[in-house]
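An overview of the molecular structure
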Amino acid sequence: MTDFAIYDVFTSTALEGNPLAVVFDADHLDAARMQAIAREFNLSETVFALRPENPVHTARLRIFTTLRELPFAGHPTVGAAIALADRRLGGAVPDAGIDMVKMLEEPIGAVRCAVRINRGGGSGFAEFDLPRLSRRLEVEIEPADIGAALGLDPQEIGFENHRVSLWSAGVPYVLIPVHDMAAAAKAECNPALWERIAPMGDGQLAFAYLYCRGGVNHLASFHARMFAPGEGVAEDPATGSAAAALSGAIHQFDGMLDGHHPLVIEQGVEMGRPSLIHLHIDCAGGEVSHVRIGGQAVRIATGQLML
């Protein structure tokens, strides 16, 4: 039998955020079995924790959607870091809480995570250094085509200096700035049209990521939605890899000055699963030098796979 846990990630409230299945001690499972288990959970992603290749690291992670394995993803990284810390501590948390650092091996590379676990259960917090900085991929993208695929008028696309563009920090996204939250709420992805017009990036079809300034939550710097119909995900309530890609666009279009820039991205509101993703961008010499992504996660279930 194999232990697993379910966490809601990028939230401190159960049944909000992005649900994640974490399967522990998964070394006896091959890729086909992992893929079948991910389909069984039927969540946007399932993460499997294995023994690390480097013994000083915490674990090796393999991340699966219902259709394929991913090289990197944000909410599985945050959720797995907290889940592994919870499992190691077994409830033995000092009154003041405990901080620890996890090194997680993912196909994209080793990912350093700082984790905070508080006494008394509830949610934990994890923040990871982006293993690969966002870069812009040069393609021609017509706003009219994007609008047709997402049910938006061309004049609703773009704000200030922000324009439709393709970025990737390991997973490619067409970043689609929209005027306001009303335009974001109106969007509805047509899977057939999106597959026809979406560009390729890093060897895969890019996903759609809409964003505008502000949000329902007063902490939010940006409000976002993400659609990945090619992955069987009609809409995702929180997408760390998309926030990673967005860091490059924010730097370019907002002309960020050197220094530290803390931001919060709100997502999942339209789905009834509000999420908050913490994005920290450090700039030096006119370029992005370092990016961190973090958020809370709360455990909502544990169990065993009869495998």
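Our subject is the structure listed above.
Source: prediction; values computed, not measured.

Basis of the calculations
Residues numbered from 1 in each chain as written. Predicted model: local features only at pLDDT ≥ 70, side-chain atom pairs only at ≥ 80, totals over all residues. Heavy atoms only, no water. Phe/Tyr/Trp six-rings, centres within 6.5 Å; stacked < 30°, edge-to-face > 60°. Helix = DSSP H or I, 4+ residues; strand = E, 2+ residues; numbered from the N terminus. Buried < 20%, exposed > 50% of the residue type's maximum accessible area, 1.4 Å probe, protein only. Lys NZ or Arg CZ within 6 Å of the ring centre and 35° of its normal. Pairing = 2+ DSSP bridges. Right-handed = clockwise from strand over helix to strand, strands pointing away. Core = buried A, V, L, I, M, F, W, Y, C linked by side-chain atoms within 4.5 Å. Contact = heavy atoms within 4.5 Å. 1 Å grid on protein atoms, 1.4 Å probe; cavity = no way out; pocket = protein on both sides within 12 Å on 5 of 7 lines; lining within 4 Å. Points joined across faces, edges and corners; volume = space filled by probe spheres on them. Nonpolar A, V, L, I, M, F, W, Y, C, P; charged D, E, K, R; others polar. Salt bridge = Lys/Arg side-chain N within 4 Å of Asp/Glu carboxyl O.

With that out of the way, let us pick up the packing of aromatic side chains. Applying the stated criterion to the full structure yields seven aromatic pairs. Here phenylalanine 72 and phenylalanine 128 contribute two aromatic rings whose centre-to-centre distance is 5.8 Å and whose plane-to-plane angle is 75°, an arrangement assigned as edge-to-face. Remark: phenylalanine 128 occurs in strand β8 (residues 123-129) and phenylalanine 72 occurs in the loop between β5 (69-70) and α2 (74-89); sequence separation between them is 56 residues. Relative accessible area serves as the criterion here: at 0%, phenylalanine 72 is assigned to the buried category. A relative accessible area of 1% means that phenylalanine 128 is categorised as buried. An aromatic cluster is defined as three or more aromatic residues linked by ring pairs; in this entry it consists of Phe159, Tyr211 and Phe222. Its guanidinium or amino end placed over the ring of phenylalanine 24, arginine 87 lies 4.4 Å from that ring's centre, counting from NZ or CZ.

Buried residues dominate strand β3 (residues 46-50), accounting for five of its five residues. Because side chains alternate across β3, one face comprises the buried residues Thr46, Phe48 and Leu50, and the other comprises Val47 and Ala49, equally buried. Where strand β2 (residues 18-23) lies against β3, three bridges are found, and the strand directions are parallel. Counted as the bridge partner of valine 22 is valine 47 from β3. In this fold, the crossover linking β2 to β3 by way of helix α1 (residues 31-41) has right-handed handedness.

Tyr173, Tyr209, Tyr211, Ile265 and Ile293 are the most contacted members of the largest nonpolar core, which totals 68 residues. Once residues lying within four places of it in the same chain are set aside, the contact partners of tyrosine 173 are Ser165, Leu166, Trp167, Ala206, Phe207, Tyr209, Met226, Thr239, Ser241, Ala242 and Ala245. Counting 23 residues, the second-largest nonpolar core is a separate cluster that includes Ile141, Leu152, Val164 and Ala208.

There is about 370 Å³ of room inside the largest pocket. Tyr7, Asp86, Arg87, Gly91 and Arg299 are, among the 24 residues lining the largest pocket, the residues nearest its centre. For the lining of the largest pocket, the secondary-structure elements that each account for two or more residues are β1 (2-9), α2, β8 and β19 (287-305). Grouping the constituent residues of the lining of the largest pocket by class yields eight nonpolar, eleven polar and five charged. It is strand β18 (residues 275-284) that contributes the most residues to the lining of the second largest pocket, three residues altogether. Here the lining of the second largest pocket is built from residues that sort into six nonpolar, eight polar and two charged.

Under the definition given, this model contains 18 salt bridges. For the salt bridge of aspartate 27 with arginine 51, the shortest nitrogen-to-oxygen distance reads 3.7 Å. Residue aspartate 27 is located in the loop between β2 and α1, and its partner arginine 51 is located in the loop between β3 and β4 (59-64); the two are separated by 24 residues in the primary sequence. Aspartate 27 gets classed as partly exposed once you look at its relative accessible area, which sits at 31%. When its relative accessible area of 60% is taken as the criterion, arginine 51 is described as exposed.

Using a probe with the size of a water molecule, rolled over the atoms, empty space left in the structure can be pinpointed. Applying the stated criterion across every chain, the model contains one cavity of 30 Å³ or more. Each pocket or cavity is described by its volume, and for the largest cavity that value is around 150 Å³. For the largest cavity, the lining is made up of 21 residues, of which Glu45, Leu70, Tyr173, Met226 and Asp236 are closest to its centre. Every element with two or more residues in the lining of the largest cavity is listed here: α2, β15 (222-228), β16 (233-236) and α6 (240-254). With three residues, the top contributor of residues to the lining of the largest cavity is α2. Residue classes in the lining of the largest cavity are distributed as eleven nonpolar, seven polar and three charged.

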